[in-house]
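Chains, contacts and geometry: an overview
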2 protein chains.
Amino acid sequence: MIIVDAVAPRTRIQAEKRELILEAALDIFSRHGFRGATIDRIADAAGMSKPNLLYYFRRKDDIYSALMQRLLDTWLQPLRALDDVGDPLTELRGYIRRKLEMSRDYPRESRLFANEILEGAPRIMPMIAGELKTLVDEKVAVIRGWMKAGRIARTDPHHLIFSIWATTQHYADFDVQVRAVLGPDKGAAGRYEDAARFLEQLFIEGLRPKG
Amino acid sequence: MIIVDAVAPRTRIQAEKRELILEAALDIFSRHGFRGATIDRIADAAGMSKPNLLYYFRRKDDIYSALMQRLLDTWLQPLRALDDVGDPLTELRGYIRRKLEMSRDYPRESRLFANEILEGAPRIMPMIAGELKTLVDEKVAVIRGWMKAGRIARTDPHHLIFSIWATTQHYADFDVQVRAVLGPDKGAAGRYEDAARFLEQLFIEGLRPKG
DNA sequence: GGCAATTTTGACCGAACGGGCAAAGGTTAG
DNA sequence: CTAACCTTTGCCCGTTCGGTCAAAATTGCC
């Protein structure tokens, strides 16, 4: 994917302020969705006036798009790192761990992405059906290779990937529910440790080759 | 949970029109979230004028609340049905199947719920921290009992429930992504069959008692 | 058939929102 | 120092949105 800033920053101030705006916008968009977020609130969170913000991003969509482009690249990195040559179970364990760490360290990005998909992915459909599908197909082939070689149990690689996405992102996207159900005793650190242990056991035992 | 219609329907027309509105509102809210949905669009989808709709539900929030109350009860039913006395693996397999069927048959409800949680559950937090937590605690105790008796593998029951929620709801909430990644060849029926097979294998193998 | 209660409509309101604009205020390179 | 450029601001506009209201149309009951 090629990352293109709608307008390349020409000055020091532009680079700084754009960063400030994107940071604030990530906060607001991830909490309220595209329609629920207002330019005023983003400007407020970024500590500037609305016209000033609009000087850096001409339209609300521009902010959102910039955020999406930046998000998508980091979002696919864990899957990209899934390596053909390593030990299958180690590779998959690593993938699960990386995805879970992304949920822990970038929950706003996860929610932003979830929001976009929930609404039907109106703005990132091309990337989903293009780049993402290509990458998944590639990794599905890798996993299928492992299965054919008897190195992991036979199952559906697509759905394996889906369930890794689902279980790991759940801890970012449904965070409030997870916290409420677990009760106030568990801190964030403990939650993620328990989740990592559980998911590792679930997927590794579920995938260990038979016989 | 007690279901209270804000205003009890007094006439045949009220009962019918309220139903019509809720059906339309489910469609719009689940696709655009609370803020993204407008009364005009809901009224339009319900085939009536905005003031007419507002005659049945005085405020936008009232429609949303009515929808939520109705949703929550059906939403918990699959977990309620998880039975202490049955065979553990059969019970869990049944729970997974029921949850997956809910995603298949009630995707709009699933997305509505997901949207609410994503936004921090501002309107249903009491129910999450109350009724839902109580139910989960109860079922966690059941599962823990099975583990102590050596009938399923030892693991974290809370996270087991979370991952069943995550994997099954994924097929409703992230439907467009799933479809795009799988490609156009797979119909909805095939998708859900494959998912059911995969999830059964994953969880059952992952939980089979050792030794 | 007529009257009361219910339902529907059109016209309207204030607030919030996305965005435009020109002028004022800063920065920076020569 | 200053001219050219960049940044910030206040003010404004048209639209959309949630919601009101009174009057018209319809329904249900005796």
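Residues numbered from 1 in each chain as written. Chains lettered and ligands numbered in written order. Predicted model: local features only at pLDDT ≥ 70, side-chain atom pairs only at ≥ 80, totals over all residues. Heavy atoms only, no water.

**Digging into the confidence of the model for chain A**
When the pLDDT values of chain A are averaged, the result is 92; 93% of them are 70 or greater. In this model, residues 1-7 of chain A is a region of pLDDT below 50 whose contacts with residues beyond four sequence positions or in other chains number 9 contacts. (pLDDT = per-residue confidence, 0-100. Contact = heavy atoms within 4.5 Å.)

**Comments concerning the interface of chain A and chain B**
By a frequent convention, interface size equals the accessible area lost on bringing the separate parts together. On the side of chain B, 57 residues touch chain A, which itself brings 57 residues to the contact. Summing both sides of the interface, chain A and chain B together bury roughly 4800 Å²; the carbon and sulfur share of this comes to 68%. Ranking the residues of chain A by area buried against chain B places Leu118, His159 and Val181 of chain A at the top, with a combined share of 15%. Seen at the junction of chain A and chain B, the total is 0 salt bridges. Tallying contributions element by element places helix α8 (residues 157-173) of chain A first for the side of chain A that touches chain B, with 12 residues. Residues belonging to the side of chain A that touches chain B are distributed by class as follows: 27 nonpolar, 17 polar and 13 charged. (Buried area = accessible area lost by both parts, 1.4 Å probe. Salt bridge = Lys/Arg side-chain N within 4 Å of Asp/Glu carboxyl O. Helix = DSSP H or I, 4+ residues; strand = E, 2+ residues; numbered from the N terminus. Nonpolar A, V, L, I, M, F, W, Y, C, P; charged D, E, K, R; others polar.)

**Topic: the domain arrangement of chain A**
Residue and element names in this part refer to chain A. Partitioning chain A into structural domains gives domain 1 (12-58) and domain 2 (68-207). Distance between the C-alpha centres of domain 1 and domain 2: 29 Å. The partner domain 2 presents 7 residues to the 9 residues of domain 1 that form the contact. When the area that domain 1 buries against domain 2 is broken down by residue, the three leading residues are Leu26, Ser30 and Phe34, summing to 59%. (Domains from an automatic or database assignment.)

**Overview of the pattern of salt bridges**
Residue and element names in this part refer to chain A. The tally for this structure, following the rule as stated, stands at 32 salt bridges over all chains. One salt bridge connects Arg70 with Glu19, and the closest N-O pair in it is separated by 2.8 Å. Within this pair, whereas Arg70 is found in helix α4 (residues 60-80), its partner Glu19 is found in helix α1 (residues 12-36), the two being separated by 51 residues in sequence. For Arg70, a relative accessible area of 39% gives the class partly exposed. (Buried < 20%, exposed > 50% of the residue type's maximum accessible area, 1.4 Å probe, protein only.)

**Describing the side chain of His170 of chain A**
Its location among the elements puts His170 of chain A in helix α8. Contacts of His170 of chain A, omitting those with residues within four sequence positions, involve Asp175, Gln177 and Val178 of chain A together with Phe162, Trp165 and Ala166 of chain B.

**Points about the nonpolar core**
Counting 141 residues, the largest nonpolar core has Phe29 and Trp165 of chain A together with Phe29 and Trp165 of chain B as the members making the most contacts within it. The residues touching Trp165 of chain A, leaving out its near neighbours within four places in the chain, are Leu79, Tyr95, Lys99, Leu132 and Val136 of chain A together with His170, Gln177 and Val181 of chain B. (Core = buried A, V, L, I, M, F, W, Y, C linked by side-chain atoms within 4.5 Å.)

**Concerning the protein's contact with DNA strand C**
Near DNA strand C, the surroundings consist of 19 residues, among which Thr11, Gln14, Lys17, Tyr55 and Tyr56 of chain B are the closest. By atom count, sugar and phosphate contribute 62% of the portion of DNA strand C lying within 4 Å of the protein. Within the contact set of DNA strand C, a phosphate oxygen lies 2.8 Å away from a backbone nitrogen or oxygen of Lys60 of chain A. Among the secondary structure elements, those contributing two or more residues to the surface near DNA strand C are α3 (50-56) of chain A together with α1 (12-36) and α3 (50-56) of chain B. (Near = heavy atom within 4 Å. Polar contact = N/O pair within 3.5 Å; in protein donor to acceptor, adjacent residues only side chain to side chain.)

**Concerning the packing of helix α7 (residues 125-148) of chain B against helix α8 (residues 157-173) of chain B**
Residue and element names in this part refer to chain B. For the pair α7 and α8, interaxial distance at closest approach is 9 Å and the crossing angle is 115°. In this structure, α7 crosses over α8, and the sense of that crossing is right-handed. Residues Leu132, Val136, Asp137, Val140, Ile143, Arg144 and Met147 of α7 form the contact with α8, whose participating residues are Pro157, His158, Leu160, Ile161 and Trp165. (Axes fitted to C-alpha atoms, helices over the stretch in contact; angles between N-to-C directions. Left-handed = near helix turned anticlockwise from the far one by under 90°.)

**So, the protein's contact with DNA strand D**
What surrounds DNA strand D is a group of 20 residues, the closest being Thr11, Gln14, Lys17, Tyr55 and Tyr56 of chain A. Counting only atoms of DNA strand D within 4 Å of the protein, the sugar-phosphate share comes to 61%. In the environment of DNA strand D, a phosphate oxygen lies 3.1 Å from a nitrogen or oxygen atom belonging to the side chain of Asn52 of chain A. For the surface near DNA strand D, the secondary structure elements donating two or more residues are α1 and α3 of chain A together with α3 of chain B. Residues belonging to the surface near DNA strand D are distributed by class as follows: 8 nonpolar, 5 polar and 7 charged.

**Some remarks on the environment of Glu109 of chain B**
Residues and elements named next belong to chain B. Topologically, Glu109 is positioned in helix α6 (residues 107-118). Remark: the alpha-carbon pair of Glu109 and Asp27, spanning 82 residues in sequence, is separated by 8.9 Å. Once residues lying within four places of it in the same chain are set aside, the contact partners of Glu109 are Leu26, Leu71 and Trp75.

**Describing the environment of Lys60 of chain A**
Residue and element names in this part refer to chain A. Relative to the elements of secondary structure, Lys60 occurs in helix α4. For Lys60, a relative accessible area of 18% puts it in the buried group. Beyond its immediate stretch of four places on either side in the chain, Lys60 contacts Phe29, Phe34, Arg35, Ala37 and Ile39.

**A few points about the relation of the copies chain A and chain B**
Superposition of chain A onto chain B requires a rotation of 180° combined with a translation of 0.0 Å along the rotation axis, giving an RMSD of 0.1 Å. Both chain copies can therefore be described as sitting about a two-fold axis. Of the residues that chain A buries at the interface, 100% are likewise interface residues in chain B, meaning the two copies contact each other through the same surface. (Least-squares fit on C-alpha atoms with pLDDT ≥ 70 in both.)

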